[in-house]
Structure formats: structure tokens, C-alpha cells
Amino acid sequence: MSLNSEASGSQQANELLKVETNGGGDTRKIALITGITGQDGSYLAELLLKKNYEVHGVIRRASTFNTSRIEHLYANPVAHQGGKMKLHYGDMTDSSSLVKIISMVKPTEIYNLAAQSHVKVSFDLSEYTAEVDAVGTLRILDAVRTCGMEKTVRFYQASTSELYGKVVETPQNEKTPFYPRSPYACAKMYGFWIVINYREAYNMYACNGILFNHESPRRGENFVTRKITRSVAKIYHQQLESFELGNLDSKRDWGHAMDYVEAMWMMLQCEKPSDFVIATGETHSVREFVEEAFKFIGREIVWQGEGVNEVGIEKGTDIVRVRINPKYFRPTEVDLLLGDSSKARRELNWTPKVTFKELIKDMMESDIELMKRNPIA
Ligand code: NDP
Ligand code: GDR
């Protein structure tokens, strides 16, 4: 099967809906990824294809193509490996689609990554966020049971450091109490506990990965890191003079998405299911991220003023590069995230490879190239 942006909508639909079933007694590894078109889904699909998995993805219908992050997997015949990757239309709000897909694909591993994943947007779309992120998780777990696969399938749930919310203690580990601070985090809290409940009630192999923020050149454009690297790349090409941000003082434990999808896979290869924190163990403010991104293009930012009147000025000039806009503030903020992933390091032998500076370098190089090729991106 080939899928590219030239294909007409109906061609694409027909191709996507072609599903092959698995014969009995098959020992192949078959993964089903919800959210395959997202940042993590795309890296995970790559990783699993390299490990010779048959990879199936749930994709939702959109009025424009939403497969840009995985298009290269179709284009590359080696990664594509003779039809080893297939997409199926479905939605986390539509139980029947999930049951159909699971019964046809018969996955050995399910990675539930689909979510309305933007924290600020969850304040505006609170009910929808709960539908997708909380009830959606329940729907897919129930779909597994409806298909009678709860004893055979291994299930990964994309849980989040947002569960920690208001700071109770740092660094945060698997035993740190939760205090969610957004409709997104509250919905993910339901997802976290329903996974544990199904593990205990039905003896399912189901794990929560409590992943701290992870970024990459494929990060969505409205998350703060990507917004910064895109804007600084545009400034570098003289396509933009300044950009706006919200809270500069919040601190995050930022890693690289490629390292984090590996941890997801590792969690499903253990003897027993368990929940793991995945983090770098380093925290940096949004302000520091901005400074590092500018350093990458050989500029220095100095901060002047206070609160909403604070601005970032390019040193040696009077040009304002960063302004504060309160519209990016959240009604309740998560001030500080810093993870302790010693359980994952010990039991999974997982370690992050990419440092904070290397992450920014990777994102800046990619966005500088992107803006050079396509200034209106
Ligand atoms: P993205 O926002 O990049 O991707 C989200 C994916 O979910 C997309 O494929 C999106 O499809 C899909 N999706 C959204 N709504 C639905 C729906 N109703 N039905 C089916 N699919 C849907 O997120 P990330 O890749 O960054 O994150 C993956 C998961 O990990 C998410 O659950 C997120 O909450 C969680 N997480 C992320 C962290 C991070 O730092 N990145 C940290 C901790 C947890 P479409 O492309 O069509 O929009
Ligand atoms: P987060 O990521 O909320 O941590 O959730 P995001 O990048 O959106 O925000 C990080 C911090 O930056 C501050 N901030 C801004 N954020 C955005 N988006 N835009 C701005 O202009 C801006 N200015 C400052 C925010 O207030 C916040 O403190 C991400 C998502 O991937 C979740 O799905 C995931 O669960 C968590 O990470 C772990």
C-alpha cells in the first residue's frame, strides 16, 4: 500500500480501510498505535518497524491530510517493509470503531497515545478532553475485553507528569501524590487509574508510562518549545521580528521524544506490568529555553521589566524579541516538574541519551532548515 499527499481522499480512504487479519498461532509482534499521527506515534511507529513489528495505526478523519509525520514511512520502502504498516479510520470517541479495529488487527501490543494533548486548550474543551483522554481510555480497554483479548494483549497508557500538577515534592517519582491542575490532567488521572483497575480486576498486562515533557522537531507547533524554536528560526531568517509567550518562569523536565518512545516499548517487554516515571532528572525554565535557542543563532537575550511588561531584548540592540501576552497564561499553572526515573533506569535499563542543549540544537537545526525551504510554514 502506498499513501502520499497526492492520493485523492477516496483513494486514501480505500487504502486505509484495507485490513489484513492475522491467522491463529501467529507469533509475530503486532502493534496497534492510537495517536500514530502525533509526535510520539510517529517515532514509535519508526521504532517498532525497525524491530520488525507489523504496525497498525488508528487515524481520524480530517478535512486535510494529517499524516505528514508518518508519510516518510510509506515513502521509504525499507521502513515500509512490504505492507507492514497499516492505518485504520477510528476515533477514541467511537467505541464501535475501536472494537472493529482490535478484532481485525488482533494486536499483541496496544499503545494508547491518542489524546487532546494540549493543556491550555483543555480549559476551553474540557468536556471533549474528558471524552477522549479519560473515557477514550476506558473505551479501548473495554474494546480489548469485548474482543476477549485481555489475557493476551499488552497495553501501554500515555500517562503524564501533569498528574503531579501542584508541587507536593520534587523530584517526582511513582510514589509522589497527584494534584492535577487542568481538565487535561484530571482526564489523564482517570485514564491512569482505570488502567490500574483493569490490570488488577482482569489481570491485564497494562502499564502507565508517566512521561515528563518530551519534544522534538516533530513537536506540535503550539507547544512552547516548538513555538520558540520556530520563532527563533524565523528571526534568524529575518522573517519575524518578535514573538509572544505566556509564563516564562514555569519549569519543565524536557527530554527528546525519540528516547521516550523507547521507554514505552521497554515497559511492554517486562515479566510483570508496572508503572514508570520517564524523565531526564533536570529542570529548566521557559526563560532558559528561550535564551538557549537564541544562543544557537549567536544572539543573546536580556530581560527587562516585570510581569506582563517584561520583554526580551536582543543584547547590543534595542530590538524587542520576546513579549508577554497574558492570553497564554493558564487559569491554574503547573510551576515545576522534575522527574526521578530511577525505577525505569534500574528495572528497564532505560536512560535518556539526548541532553537539554542537544534537544534545542536538534529542534533549531530542523526549524532553520524548514523556514529556509518554506518561509510561510
Ligand atoms: P500529539 O498531540 O502530537 O498527538 C496526539 C495524537 O492523538 C494525534 O495523532 C491525534 O490525531 C490523536 N487524537 C487526538 N484526538 C483523537 C481522537 N478523538 N481519536 C483518535 N485520535 C485522536 O501528542 P504527543 O505525541 O506529544 O503525545 C502522545 C500522548 O502522550 C498523548 O496522549 C499525550 O497526552 C501524552 N503525553 C505527551 C507528553 C509529551 O511531552 N509529548 C508527555 C506525557 C504524556 P491528529 O493527528 O488527527 O490530531
Ligand atoms: P505542557 O506543555 O503544558 O507542559 O504539556 P506546553 O509546552 O504547552 O507548556 C509548557 C509550559 O510553558 C508555558 N508557556 C507556554 N506554553 C505554550 N503552549 N505556549 C506559550 O506561548 C507559552 N508561554 C509559556 C506554559 O504555561 C507551561 O507552563 C505538555 C503536553 O505535551 C502534555 O500533553 C503532556 O502531558 C505534558 O507536556 C507533560
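A quick note: this is a predicted structure, and the numbers were derived from the prediction, not measured.

Engineer: Tell me about the overall build of the chain, residues and numbers included.
Structural biologist: The helix and strand tally for the chain stands at 13 helices and 15 strands. Taken over C-alpha atoms, the radius of gyration comes to 21 Å for the chain, in line with the 21 Å a tight globule of 377 residues would show. For the chain, the spread of C-alpha atoms along the principal axes amounts to about 70 × 50 × 40 Å. Across the 377 residues in the chain, those meeting the buried criterion constitute 43%.

Engineer: Go over the site of ligand 2 with me, naming the residues and quoting the values.
Structural biologist: Contacts to ligand 2 come from 23 residues, most closely from Val119, Thr160, Val224, Gly246 and Ser250. At the level of secondary structure, the elements contributing two or more residues to the shell around ligand 2 comprise α6 (119-124) and α9 (224-236). When residues of the shell around ligand 2 are assigned to their parent elements, the largest contribution, three residues, is made by α9. Here the shell around ligand 2 is composed, by residue class, of eight nonpolar, nine polar and six charged. Here the shell around ligand 2 spans two domains, since at least three of its residues come from each of domain 1 (9-217 + 255-282 + 335-353) and domain 2 (224-248 + 286-333 + 362-373).

Engineer: Give a detailed account of the sheet that holds strand β1 (residues 30-34), specifying residues and quantitative values.
Structural biologist: An order of β3-β2-β1-β4-β5-β6-β11 is seen for the seven strands of this open sheet, with the pairing classed as parallel. One side of each edge strand has no neighbouring strand; the edge strands of this open sheet are β3 (85-89) and β11 (276-278). Strand-to-strand, the axes of this sheet are offset by a mean angle of 20°, without reference to chain direction. Pairing of β1 with strand β4 (residues 109-112) involves four bridges; the strand directions are parallel. Bridge pairing links Thr34 to Asn112 in β4. Each of β1, β2 (54-59), β3 and β4 touches helix α2 (residues 39-50); the most contacted strand, β2, lies at about 160° to it. Sitting on the sheet, helix α8 (residues 183-202) touches β5 (154-160) and β6 (205-211), and the angle it makes with β5 is about 150°.

Engineer: Describe in detail the pairing of strand β14 (residues 311-314), supporting the description with residues and values.
Structural biologist: Remember that side chains alternate between the two faces of the sheet whenever the strand is regular. Here four bridges tie strand β13 (residues 301-304) to β14, and the two strands are oriented antiparallel to one another. When the bridges of β14 are listed, Val302 appears paired with Ile313. Hairpin remark: β13 followed by β14, antiparallel, with six residues in the connecting loop; positive phi at Gly305, about 85°. As defined by bridge partners, β14 adjoins strand β15 (residues 320-324) across three bridges and the pair is classed as antiparallel. Considered in β15, the bridge of Gly312 is made with Val322. Between the antiparallel neighbours β14 and β15 lie five residues, among them Gly316 with a positive phi of about 85°.

Engineer: Kindly report on the site of ligand 1, identifying the contributing residues and their values.
Structural biologist: Neighbouring ligand 1 are 26 residues, the closest being Gly35, Gly38, Ala114, Ala115 and Ala158. If you list the elements that add at least two residues to the shell around ligand 1, you get α2 and β5. Residues of the shell around ligand 1, tallied by class, amount to nine nonpolar, 14 polar and three charged.

Engineer: Quick one: what's the story with the packing of helix α5 (residues 95-105) against helix α7 (residues 126-146), residue by residue and with numbers?
Structural biologist: Contact geometry for α5 and α7: axes closest at 9 Å, N-to-C directions at 45°. Taken together, the axes of α5 and α7 are oblique relative to one another. In this structure, α5 crosses over α7, and the sense of that crossing is right-handed. Contacts between α5 and α7 involve Ser95, Leu98, Val99 and Ile102 from the first element and Arg139, Ile140, Ala143, Val144 and Thr146 from the second. Taken together, the residues of the contact of α5 with α7 break down into six nonpolar, two polar and one charged.

Engineer: Account for the domain arrangement of the chain, with residues named and values stated.
Structural biologist: The domains assigned to the chain are domain 1 (9-217 + 255-282 + 335-353) and domain 2 (224-248 + 286-333 + 362-373). Placing a centre on the C-alpha atoms of domain 1 and another on those of domain 2 gives a separation of 31 Å. Facing the nine residues of domain 1 at the interface are nine residues of domain 2. Sort the elements by how many residues they give to the side of domain 1 that touches domain 2 and α6 lands first, with three residues.

What counts and how
Residues numbered from 1 in each chain as written. Chains lettered and ligands numbered in written order. Predicted model: local features only at pLDDT ≥ 70, side-chain atom pairs only at ≥ 80, totals over all residues. Helix = DSSP H or I, 4+ residues; strand = E, 2+ residues; numbered from the N terminus. Rg over C-alpha atoms; globule rule 2.2 N^0.38 Å. Buried ≥ 20, exposed ≤ 12 C-beta atoms within 10 Å, placed from the backbone. Near = placed C-beta within 6 Å. Nonpolar A, V, L, I, M, F, W, Y, C, P; charged D, E, K, R; others polar. Domains from an automatic or database assignment. Pairing = 2+ DSSP bridges. Axes fitted to C-alpha atoms, helices over the stretch in contact; angles between N-to-C directions. Contact = placed C-beta atoms within 7 Å. Parallel < 35°, antiparallel > 145°, perpendicular 65-115°, else oblique. Left-handed = near helix turned anticlockwise from the far one by under 90°.

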